[in-house]
Amino acid sequence: MSSDVISRYKKAKQIIESGKDAFVSKYDCKNTVREVIELYSHLKPGESKQESISMCGRIIAIRKHGKLTFADIRDQTGDIQLYLDKKRIGDIYDFFDLLDIGDWISTEGYPTRTARGELSIMVDKLALLTKSLRPLPEKWHGLKDKEVRYRYRYLDLISNPKVKETFTKRSKIINLIRQFLISEGFMEFETPMLQSIPGGATAKPFKTHHDTLDMDLFLRIAPELYLKRLIIGGYEKVFELNRNFRNEGISYRHNPEFTMLEVYQAFVDYREMMNLTQKIILYIIDNLVKGRKISYQENEIDINPPWREMTVLDSIEKFTGVKLSFEMTRNKVSKIADEIGVDFHEKLGVGGIINRIFEKKVENKIIQPTFITDYPKEVSPLAREHSKNPNLTERFELFIGGIEIANAFSELTDPLDQRIRFEQQLYNEEIETELDEDFIRALEYGMPPTGGLGIGIDRLVMIMTDSASIRDVILFPHMRSKKE
RNA sequence: GAGCCGUUAGCUCAGCUAGGUAGAGCGUCAGACUUUUAAUCUGAGGGUCGCAGGUUCGAUCCCUGCACGGCUCACCA
């Protein structure tokens, strides 16, 4: 045990032996720091106001000057300085010697502005709420070690104000999305996270087992097929905003569990989903930051519409100079892929290879908000065939900052076509799963024309908070366990 | 899964080029101090140098393996 910890334990013992509580059960905190700062912003240096203030907070700095001590405390709303004068509060002043940075305290006093211009509380009463037994990371350099920051995120939140800002924004973004969709007449539902056939996407699922039913279950990779059942059931505007799980690699934009918004609306197509996507993101940005320009990593991104729209083929031509067509032979397309250094699975057809070229050569270059359209049917097993070209689907993806943010399509409502697509998918993907007959059955009862949209919330938060890695917008990212 | 890099005091980091069992700042502890806000000044304590082997008279330093992490790639509609 370090000397810091030992000394804190000693102080805690001393406090308890003196008859005080080092871990009290509650306290009625009447004022927040922000309130106090706003209420008394008018005080001039040297001026005081004889009004009693009662606050709670964590000690984040102590500056002792003999018979005078300054301490900064922090609550959720901000930081404020305490002014302790031994002449005014002899016993409390001595008691304060047993307190450390990190301790939670309650305090009462009156507001005053010091000669140096710092709004402070002249302390009359002060009590310990919770003793902190471990030292917090150093105040000036903060906590930098990424392993410690991710493993002990609470320390990261205490030490790095920007981190706290990021997660505050994340919470607001999620709240704004719900607020917007509900105001537009959508209803939020919760569909199974444990599914017997993981569908709605192609990804390796996490497997688990239910003992009583004695059946294998999978953590969902997407809620899609269940939300569509709700459309079939007669709800016309539905959404779900919750976690998906994919048992795949971790990268700056992939985490095994991630948060997804899925929205379905009856009687509309993917063009309307495009409008909705834009409306959601504009609603967020207008309620979150000033203006519609944000900087993401090295780039300035202009969220102000209209957003660019480009087909998959046009975007490939723009960024690689290569002209492709879905009417080309597989031989020709695969040769081109080889030439520009894109490898691909041998089972892929023309559409699959073109999609692969797009992913490898284009995606991360699309910085400004751009809707990419006309995705090949081969890689869109749940999307309706394009009305003008049977090789394509009515689908778009939205890219911002080089990251795929949204994916949407006019939903495939034809159960016969859906069966064929599922069968092709099972053949192509080598995923150990079975055809979801129950979903086909649901489609057979009739799904109205429907537009569907998925937005990757973690990635959207990355863009909105200028975070380079998805782990910076997930509070507790997964780590290997570490023996201590 | 692969490559590269990292792991030294509570935190942030030096030291390793050329092997001789470790330093700084902040924090801690003791003392001084009635207007500080990275307070200041004086002094003290604090280390299994990630873990395990190997080479060596001697390893934080060189070598091997392992653990954990980071970045990049792979995987990922």
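The rules behind each value
Residues numbered from 1 in each chain as written. Chains lettered and ligands numbered in written order. Predicted model: local features only at pLDDT ≥ 70, side-chain atom pairs only at ≥ 80, totals over all residues. Heavy atoms only, no water. Helix = DSSP H or I, 4+ residues; strand = E, 2+ residues; numbered from the N terminus. Buried < 20%, exposed > 50% of the residue type's maximum accessible area, 1.4 Å probe, protein only. Contact = heavy atoms within 4.5 Å. Areas by Shrake-Rupley, 256 points an atom, 1.4 Å probe, with all protein chains shown as cover. Lys, Arg positive; Asp, Glu negative; His and termini not counted. Charge placed at Lys NZ, Arg CZ, Asp CG, Glu CD. Pairing = 2+ DSSP bridges. Axes fitted to C-alpha atoms, helices over the stretch in contact; angles between N-to-C directions. Near = heavy atom within 4 Å. Polar contact = N/O pair within 3.5 Å; in protein donor to acceptor, adjacent residues only side chain to side chain. Nonpolar A, V, L, I, M, F, W, Y, C, P; charged D, E, K, R; others polar. Parallel < 35°, antiparallel > 145°, perpendicular 65-115°, else oblique. Left-handed = near helix turned anticlockwise from the far one by under 90°. Phe/Tyr/Trp six-rings, centres within 6.5 Å; stacked < 30°, edge-to-face > 60°. Lys NZ or Arg CZ within 6 Å of the ring centre and 35° of its normal.

Looking at the overall build of chain A
- The helix and strand tally for chain A stands at 14 helices and 20 strands.
- On the principal axes, the C-alpha backbone points of chain A span a range of 90 × 55 × 45 Å.
- The buried share of chain A, taken over its 484 residues, is 49%.
- Taking the contacts inside chain A whose residues are at least 6 apart along the sequence as the reference set, 65% of them involve residues at least 24 apart.
- Split by element, the accessible area of chain A, about 24,800 Å² in all, is 49% carbon and sulfur.
- The averaged location of the 75 negative side-chain charges in chain A is 7 Å from the averaged location of its 72 positive side-chain charges.

Comments concerning the sheet that holds strand S11 (residues 257-266)
- If you walk across this open sheet you meet the 8 strands as S6-S10-S11-S20-S19-S18-S15-S14, and the pairing is mixed. Where the open sheet ends on each side, the last strands, each with one partner, are strand S6 (187-188) and strand S14 (308-311).
- Bridge count for S11 against strand S20 (residues 450-456) is 7 bridges, and the pairing is antiparallel. In the strand pairing of S20, Gln265 is matched with Gly451.
- In the packing of helix H14 (residues 457-465) onto the sheet, the strands contacted are strand S10 (237-245), S11, strand S18 (395-400), strand S19 (403-410) and S20, and the crossing angle to S19 comes to about 135 degrees.

So, the protein's contact with RNA strand B
- Inspection of the region around RNA strand B gives 54 residues, with Tyr83, Arg116, Glu147, His254 and Arg471 positioned closest.
- Close to the protein, within 4 Å, the atoms of RNA strand B are drawn from sugar and phosphate at a rate of 58%.
- Contacts to RNA strand B include Lys139, whose side-chain N or O atom sits 2.3 Å from a phosphate oxygen.
- Glu147 places a side-chain nitrogen or oxygen 2.3 Å from a sugar or linking oxygen of RNA strand B.
- Those elements that provide at least two residues to the surface near RNA strand B are helix H1 (3-17), strand S1 (53-65), strand S2 (68-75), strand S3 (78-85), helix H4 (146-151), helix H11 (350-361) and S18.
- In terms of residue class, the surface near RNA strand B is made up of 14 nonpolar, 15 polar and 25 charged.

With respect to the packing of helix H6 (residues 161-183) against helix H8 (residues 270-288)
- Axis separation between H6 and H8 bottoms out at 9 Å; the angle between their running directions is 130 degrees. By the angle class used here, H6 and H8 are oblique. The handedness of the crossing between H6 and H8 is right-handed. For the pair H6 and H8, the contacting residues are Lys169, Lys172, Ile173, Leu176, Ile177, Gln179, Phe180 and Leu181 in the first and Leu276, Lys279, Ile280, Tyr283, Ile284, Asn287 and Leu288 in the second.
- Tallied by class, residues from the contact of H6 with H8 come to 10 nonpolar, 2 polar and 3 charged.

A look at the packing of helix H9 (residues 312-320) against H11
- Closest axis-to-axis distance for the H9/H11 pair is 10 Å, and the angle between their directions is 45 degrees. One element, H9, and the other, H11, form an angle in the oblique class. H9 and H11 meet at a crossing whose hand is left-handed. Here Val312, Leu313, Ser315, Ile316, Phe319 and Thr320 of H9 lie close against H11, whose contacting residues are Ile354, Ile357, Phe358 and Lys361.
- Of the residues that constitute the contact of H9 with H11, the class distribution is 7 nonpolar, 2 polar and 1 charged.

Focus: the packing of aromatic side chains
- What the rule picks out here adds up to 9 aromatic pairs.
- With 5.1 Å between their ring centres and 45 degrees between their planes, Phe180 and Tyr283 make a pair best called tilted. Of the two residues, Phe180 sits in helix H6 while Tyr283 sits in helix H8, which places them 103 residues apart along the sequence.
- A centroid spacing of 5.6 Å and a plane angle of 35 degrees characterise the contact between Trp307 and Phe371, whose relative ring orientation is tilted. On the criterion of sequence distance, the pair formed by Trp307 in the loop between strand S13 (299-302) and S14 and Phe371 in strand S15 (residues 370-373) is long-range, its members being 64 residues apart.
- Members of the aromatic cluster, each reached through a chain of ring pairs, are Trp307, Phe371 and Phe396.
- Over the ring of Phe186 we find Lys237; its NZ or CZ atom is 4.9 Å from the centre of that ring.

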